[in-house]
Amino acid sequence: MKSRLLPVFLSFLFLFSFAHAQIGAPVTTGNAESRLVAEDEAAVPGQIVTVALMQTLREGWHVYWQNPGDSGLPLTLNWTLPEGFEAVAPLYPLPHRLPLGPLVNYGHEGEPIFLIDIAVPESAVPGDVAELAVDASWLICADVCVPEDARLTLTLPIAAARGAGNGRYSVEIDRARRSQPRKADFEAVYYHTDRGPALRLTGAPEGKLEFYPYAPSLVEPSGATVERQDGEDIYLGMQAGFAYRARQPESLAGVLTVETANSRRGYEVFAPKIDQPAGALDLTPINTNAQPEMPGAEGPGLPLEADSGSPLLLPTLLLAFLGGIILNVMPCVFPIVFLKAAGFAAVAKEDRQVIRLHGILYTAGILVAFAGLAGLLIGLRAGGEQLGWGFHLQSPIAIAVFAIVLFLIGLNLFGLFEVGSSVQGVGNSLASKGGAVGAFFTGLLAVAVAAPCIGPLLGGAVGLALSQSALTGLLIFLAIGLGLAFPYLLLSLIPAAASILPRPGPWMVTLRQLFAFAMFATVIWLVWVLSMQAGPSGILKLGLAMLAASFGAWIFGRVQRGQSGLVGRIAAAAMLILAVIPLSRITTAEAGTSSLSSLGVVETAVWSEATLAEYRAAGTPVFVDFTAAWCITCQVNKQTVLNTSRVKQAFIENNVVYMVADWTNRDDEITAALEALGRAGVPVYLYYAPNAEAPIILPQLLSTKGVIGVIEGS
């Protein structure tokens, strides 16, 4: 008996000696004071101990809920715990709606308390202490947003029995626990309407209802919520967000808050999807407080009926198809146009069947590439990724790989080595097969390098594609691809068209070598893009990869000419593998300062929602340039219009701030802003006149007269 009481006695002595150890030291950052506090005086082996992250925010400032709404970032915690201890995700306080201009965020003000359960291992020894530490980071905003972080620590005694509650903060922690959303004791289902999801709550408490989905972008935070009641049923009609438009979920999960004159309670709602009930109430907003639709913004204003084959779909497909045809004269596609022209010249001597096969396979290559990229993009966005069209060009490794591929194509056009010659000697049919494979891969490459021009030319169509169902979006992308391939497909299928192809001759060698310069010009552009993403170190690594790849190509050419044997083949393969090593080490972390962010003497600012709001609140006119280094149209607009003396003078005379949203590398905040505009790519140009409620959206192909006219209001 005596031996069993001894550990308990020692534990109490131990707790007494650490009377205040379960309260961590406060850490003050710019706009918040934060600390860790344990709910109990000690942790018990094999049990859960709750730790509260308590913050006191500067007046007028707020932090964000787990779904931040239109903008913002949730709390991030990286724990350093003793062996065997495990922390789960934090429990957030009930969120509040925080309007900011046309946006609505979900967050917390005042003194939010986040509760974190930590599992204590059975192996923990009473009498020991556990040193807990967490690297916490959060975004805190008022008119401006500031990322803050702190390392918070807590010394927690281990005891055989749970002690008394934390006296100093027990009231606050108990209130935080009791205010956590409880499991709903009423029935909740949701169904699809023309406007978005609608919740039907049977037996829910009455009061002011607000629904906060756990997943972002399922509903538009700034959209109007329409509430109707029919007997015990309460209906909440909401405006669809981007993720909902991309794919309607099987269930709608989130927190429903019910506010009365005396209280505000939260309920965890898990609403499975049902078919729209017969005689469902009209949930169309009568007097909406939603964000006014911006002129020229296509995506959010379109009705959802477009998913089900409404008259909007066919015109959109036609627009996408025509846009795809026009893509053939855009600068991004020029290298592929040259390559394809060389291919057509090479097969002009072939019979009609071979020419037709080349056209079909080139079309198939384009459609496969579009289906693959669009499917990947739609899938990642449905999974919550913030990506837009051209996302693969935001990877410096992808840019470097494209540069290597085009560099090798240029060397091939110069005759350093041949592709497919090894099989040409086997027989005419196999030679045709080798060229046909080349036609297919030319189609794949065309889509990859055309991406920077697809967004600018077809921004509305791409934005619509990404806001609709996966099937509709895929159809739109395939329509663009079919348009891109159409001229070549037409040439290959119409017998009379073959007569316009020139007769083969020595001129083809000269033409082929001239086309190599188009490839090298594109490589120069890609190297410049990479310099924006990865800096000088990235350029050095690309140069090393090019050196290894070109050396391997030279050895391979010698093998083809019979000047080297098996050793040469092995050496060529080894050099190509060696080229992969520096490519794999290119990272965006090495990026330097972008040259996109200035117009010389014009006052310039880096774009963010908070900074924009600050300028607008001060009545300052702002010109926003959503751009990227890999967007050729963006660079053409900048050099031919924005960087001209007339436009810069107009900026200066009208005190316009030039604000740059640089999308060269992945930026979720910029992606979200583009989505809100119904766009999925750059460029996008906005002009906010002083005290105007909404911006003017300029065309994607700018003119000096047009920009000056918008700024001067003429």
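Here's a quick rundown of the structure. Quantities reported herein were computed from a predicted structural model and do not represent experimental measurements. (Residues numbered from 1 in each chain as written. Predicted model: local features only at pLDDT ≥ 70, side-chain atom pairs only at ≥ 80, totals over all residues. Heavy atoms only, no water.)

## Brief notes about empty space enclosed by the protein
Stage number 1. Across all of its chains, the model carries one cavity of 30 Å³ or more by this definition.
Stage number 2. Size it by volume and the largest cavity reaches roughly 40 Å³.
Stage number 3. Lining the largest cavity we find Q55, V63, Y64, L73, P74, L75, F114, W138 and L139.
Stage number 4. Going through the elements one at a time, β4 (62-69) and β10 (129-141) are the ones with two or more residues in the lining of the largest cavity. (1 Å grid on protein atoms, 1.4 Å probe; cavity = no way out; pocket = protein on both sides within 12 Å on 5 of 7 lines; lining within 4 Å. Points joined across faces, edges and corners; volume = space filled by probe spheres on them. Helix = DSSP H or I, 4+ residues; strand = E, 2+ residues; numbered from the N terminus.)

## A look at the sheet that holds strand β17 (residues 233-237)
Stage number 1. The four strands are arranged β13-β14-β17-β16 in an open sheet whose pairing can be described as antiparallel. Each edge of the sheet is formed by a strand with only one pairing partner; in this case those strands are β13 (187-192) and β16 (226-230). When strand polarity is set aside, the average angle formed by the axes of neighbouring strands in this sheet is 20°.
Stage number 2. The sheet contact formed by strand β14 (residues 197-202) and β17 spans five bridges and is antiparallel. Note that in β17 the partner of A198 across the bridge is G237. (Pairing = 2+ DSSP bridges. Axes fitted to C-alpha atoms, helices over the stretch in contact; angles between N-to-C directions.)

## A few points about the environment of R178
Stage number 1. Within the secondary structure, R178 sits in helix α2 (residues 170-178).
Stage number 2. For R178, a relative accessible area of 55% puts it in the exposed group.
Stage number 3. For R178 and R265, which are 87 residues apart along the polypeptide, the C-alpha to C-alpha distance reads 9.4 Å. (Buried < 20%, exposed > 50% of the residue type's maximum accessible area, 1.4 Å probe, protein only.)

## Structural notes on the packing of aromatic side chains
Stage number 1. In this structure the tally under the stated criterion is 19 aromatic pairs.
Stage number 2. For the ring pair Y92 and F114, a centre distance of 5.4 Å and an interplane angle of 90° mean the geometry is edge-to-face. Here the residue Y92 occupies a position in the loop between β6 (86-87) and β7 (96-100), and F114 occupies one in strand β9 (residues 113-119), the gap between them amounting to 22 residues. By the burial criterion, Y92 is buried, and F114 matches it. (Phe/Tyr/Trp six-rings, centres within 6.5 Å; stacked < 30°, edge-to-face > 60°.)

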